[in-house]
Structures are given as C-alpha cells and as structure tokens.
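This is what each chain is made of:
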Amino acid sequence: VGPNGTVRDVEFDNLTIKGQTEAGGIVSSNFGTIRNVTVEGSVSVSATPSSSIAVAGGIVAEHGSFTTDEGRDGNIINSSVDVSISGGTIGGVAGRVREGSSVTNSSATGSVNTTIGDYTSTETGGLVGDLSGNITGSSAATVVNGDKNVGGLAGENGGWIIQSTASGSVSGSKLIGGLAGDNGG
C-alpha cells in the first residue's frame with residue numbers, strides 16, 4: 001500500500017499465504033493506512049538460510065519505511081487477526097513496524113512460530129516481531145514460540161508500547177518476555 005493508499009473494511013477468511021522472504025496476509029509492504037481489516041488463516045515464509053530476510057505478519061510483513069522519508073509511515077487501525085504465522089522475524093499483525101509507523105486498537109489471536117533458526121535476526125511477537133514504531137490500545141492472545149527476542153506482544157521493542165496487553169504462552173531460548181522479549185525503547 002503506497003503512502004496515500006488505504007485498505008479498509010475488508011475481511012479475509014481461510015487465507016493461505018506462502019512466501020520466500022516477505023509475506024503478509026494483505027500486503028508485503030505498507031506505507032499507507034489499513035483500517036477495519038480482519039484476517040483469518042496462515043502466513044509463512046521459507047527463505048533459504050543464505051538469505052537474512054524472512055519477515056511475515058498476519059496483515060503486513062514490513063510496516064513503514066526503513067528510511068526517514070516523510071509520508072512513508074504506515075498505520076494499522078482497528079484490525080484483527082486469527083492466524084498461524086511462521087518464519088524468522090514474525091508477528092501476528094506485522095513482522096516489522098518501523099519508526100513513525102503504528103498499530104492502534106488492533107488484536108491478534110492464534111500462533112506465532114519461528115521456524116527458521118539459521119537467520120542472524122529472529123524477532124517473534126504475538127502482535128509485532130520487531131517494533132521501532134508504536135503499539136497503542138492493542139492486544140495479543142497468542143501462543144508464541146521462538147528462538148531469541150520472543151515476546152507476548154513484541155519480540156523486540158525499540159519503540160513505544162502504550163495501554164496494550166498480552167496473554168497466552170511464550171517460549172524461546174534467549175531474551176523471552178510476557179510483553180516484550182527485548183525492551184530497548
């Protein structure tokens with residue numbers, strides 16, 4: 001979704017998405033607004049170990065721009081997922097949320113499972129895998145299994161988590177937390 005684009009008021013049932021390096025239930029990359037979306041199904045990535053990219057999310061893999069270009073921040077608002085996610089850097093709603101981007105009043109249920117152990121970076125979260133942006137008023141009630149940086153809401157938090165909750169089980173080998181596996185925000 002481009003910087004001025006919007007996806008809204010849609011529902012996806014029995015969705016199955018399989019990708020090589022990045023996969024999202026609705027889009028791979030989002031720089032616009034996603035509002036009032038419901039996704040039910042599964043999303044997985046299965047890149048080769050020589051690739052350091054394996055990002056997946058129930059709604060979007062990459063949320064926002066990795067540059068500071070103005071107008072390239074994404075917003076996910078009032079959306080929900082009931083999904084099974086597998087890959088490297090993964091989250092129930094978004095694999096990665098970049099600085100300036102947000103997830104607001106959204107929720108995730110289901111399971112999030114890091115299946116790729118050969119990657120240099122794995123962040124596994126019930127809602128977001130790698131967070132540099134903001135999560136506000138959101139929740140995750142998921143089963144989360146990962147290697148390192150594993151959290152009930154965010155695998156790695158370098159942003160802001162505000163008035164949000166996580167429940168369910170969380171397991172991994174290093175940097176594990178009920179809310180965030182690694183909190184640097």
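In this text the structure is predicted, and so the values were computed from the model without any measurement.

Engineer: What's the story with the side chain of Asn 30 in this structure? I'm lost.
Structural biologist: In this fold, Asn 30 is placed in strand β3 (residues 27–30). What makes Asn 30 buried here is its relative accessible area of 0%. One polar contact links Asn 30 to His 63, side chain to side chain, over a distance of 3.1 Å. The contacts of Asn 30, once residues within four sequence positions are left out, are Val 1, Val 60, Glu 62, His 63, Gly 64, Gly 74 and Asn 75.

Engineer: Sorry if this is basic, but what is going on with the pairing of strand β12 (residues 107–114) here?
Structural biologist: Sheet faces and side chains relate simply in a regular strand, where the side chains alternate between the two faces. Looking at chain direction, strand β8 (residues 80–87) and β12 are connected through eight bridges and run parallel. The residue bridging Val 81 from the neighbouring strand is Ala 108, located in β12. Sheet analysis places β12 next to strand β16 (residues 139–145), joined by seven bridges and oriented parallel. By the bridge assignment, Ala 108 is partnered in β16 with Ala 140.

Engineer: Got a minute to help me understand unusual backbone geometry in this structure?
Structural biologist: Glycine aside, residues mostly have negative phi, and peptide bonds are mostly found in the trans state. A positive phi angle, close to 55 degrees, is found at Asn 36, a residue other than glycine. Mapped onto the secondary structure, Asn 36 falls in strand β4 (residues 33–45). Here the phi dihedral of Gln 163 falls at roughly 45 degrees; this positive angle occurs in a residue that is not glycine. Among the structural elements, Gln 163 can be located in the loop between β19 (160–162) and β20 (165–167).

Engineer: Looking at this structure, I do not really get the side chain of Ser 44. What am I missing?
Structural biologist: Here Ser 44 shows up in strand β4. Take Ser 44: its relative accessible area is 19%, and that puts it in the buried class.

Engineer: What should I look at first to understand the pattern of salt bridges in this one?
Structural biologist: Once the charged atoms of two side chains with opposite charge are near each other, the side chains can pair. All told, the structure shown has four salt bridges when counted by the stated rule. Two residues, Asp 9 and Arg 8, come together in a salt bridge whose shortest N-O distance is 3.0 Å. Note on Arg 8: relative accessible area 43%, which makes it partly exposed.

Engineer: Where do I start with the nonpolar core in this structure?
Structural biologist: Within soluble globular proteins, side chains that are nonpolar generally end up buried alongside one another. Counting residues in hydrophobic clusters, the biggest one holds 32 residues, and the most contacted among them are Ile 26, Ile 34, Val 39, Ile 59, Val 93 and Leu 127. Counting residues per element, the ones that place at least two in this core are β1 (6–19), β4, β8, β10 (94–97), β12 and β14 (128–131). For Ile 59, the residues in contact, after removing those within four places along its chain, are Gly 24, Gly 25, Ile 26, Val 27, Ile 34, Val 39, Ile 76, Ser 79, Val 81, Gly 92 and Val 93.

Criteria and cut-off values
Residues numbered from 1 in each chain as written. Predicted model: local features only at pLDDT ≥ 70, side-chain atom pairs only at ≥ 80, totals over all residues. Heavy atoms only, no water. Helix = DSSP H or I, 4+ residues; strand = E, 2+ residues; numbered from the N terminus. Buried < 20%, exposed > 50% of the residue type's maximum accessible area, 1.4 Å probe, protein only. Polar contact = N/O pair within 3.5 Å; in protein donor to acceptor, adjacent residues only side chain to side chain. Contact = heavy atoms within 4.5 Å. Pairing = 2+ DSSP bridges. Salt bridge = Lys/Arg side-chain N within 4 Å of Asp/Glu carboxyl O. Core = buried A, V, L, I, M, F, W, Y, C linked by side-chain atoms within 4.5 Å.

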